[in-house]
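# Descriptive structure summary
Now for the letters of each chain:
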Amino acid sequence: MSALDVEDFIQQNRAVADQVETFRGYWESEKHWQARREFILRNISEYDQEQLDHLLSLSMVWANNVFLGCRYSTELLEKVKEMAEGIVVEDAPVFKTRDEIMKKQQGR
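To start, this report covers the structure provided alongside it. Not measured: the values here are computed from a predicted model.

### Describing the side chain of His32
The topology assignment puts His32 in helix α3 (residues 30–43). Judged by relative accessible area, His32 falls into the buried class, the value being 9%.

### With respect to the nonpolar core
With 24 residues, the main nonpolar core has Phe39, Ile40, Leu55 and Trp62 as its most contacted residues. By residue number, the principal contributor to this core is helix α4 (residues 52–68), which donates 9 residues. When near neighbours in sequence (up to four residues on either side) are disregarded, Ile40 contacts Val20, Phe23, Trp33, Leu55, Leu56 and Ser59.

### Describing the packing of α3 against α4
Close contact between α3 and α4 brings their axes to 10 Å; oriented N to C, the two are set at 140°. Put simply, α3 runs oblique to α4. Seen along the crossing, α3 lies across α4 with a hand that is right-handed. Here α3 contributes Lys31, His32, Ala35, Arg36, Phe39, Ile40 and Asn43 to the contact with α4, which in turn contributes Leu55, Leu56, Leu58, Ser59, Met60, Trp62, Ala63 and Phe67. Taken together, the residues that form the contact of α3 with α4 break down as 10 nonpolar, 3 polar and 2 charged.

### Here's the deal with the pattern of salt bridges
A full pass over the atoms with the stated rule returns 4 salt bridges. A salt bridge links Glu21 to Arg37; its shortest N-O distance comes to 3.1 Å. Taken together, the positions of Glu21 in helix α2 (residues 14–21) and Arg37 in helix α3 put the pair 16 residues apart, joining distant regions of the chain. Across the pair Arg42 and Glu38 runs a salt bridge whose closest N-O atoms are separated by 2.9 Å. Of this pair, Arg42 and Glu38 both sit in helix α3, 4 residues apart, roughly one helical turn. Look at Arg42 and you get buried, because its relative accessible area is 16%. With a relative accessible area of 9%, Glu38 lands in the buried category.

The rules we used
Residues numbered from 1 in each chain as written. Predicted model: local features only at pLDDT ≥ 70, side-chain atom pairs only at ≥ 80, totals over all residues. Heavy atoms only, no water. Helix = DSSP H or I, 4+ residues; strand = E, 2+ residues; numbered from the N terminus. Buried < 20%, exposed > 50% of the residue type's maximum accessible area, 1.4 Å probe, protein only. Core = buried A, V, L, I, M, F, W, Y, C linked by side-chain atoms within 4.5 Å. Contact = heavy atoms within 4.5 Å. Axes fitted to C-alpha atoms, helices over the stretch in contact; angles between N-to-C directions. Parallel < 35°, antiparallel > 145°, perpendicular 65-115°, else oblique. Left-handed = near helix turned anticlockwise from the far one by under 90°. Nonpolar A, V, L, I, M, F, W, Y, C, P; charged D, E, K, R; others polar. Salt bridge = Lys/Arg side-chain N within 4 Å of Asp/Glu carboxyl O.

Printed below as a string of structure tokens:
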């Protein structure tokens, strides 16, 4: 689902789109929210109402990894990356681990 597809989905499914808008955290920038909203909209049809908290948790894991560099188990990251496949985040930050930084410092 591309950004254009997301907009089409929103137009055709206004009730779902309105519900998803209530999930935005007050701390989320527009850029952060647009990406996380797309993640939720792409995957919401796979989750029952009772499982919605699980989807929202996965969306936060994905967003925290992309925007904040948070690390999670390999299995969890593989799952959310698969769920987010095709979502384009412009100018996403690039994070380096302490080991990567130290290795670069030693190479000087």
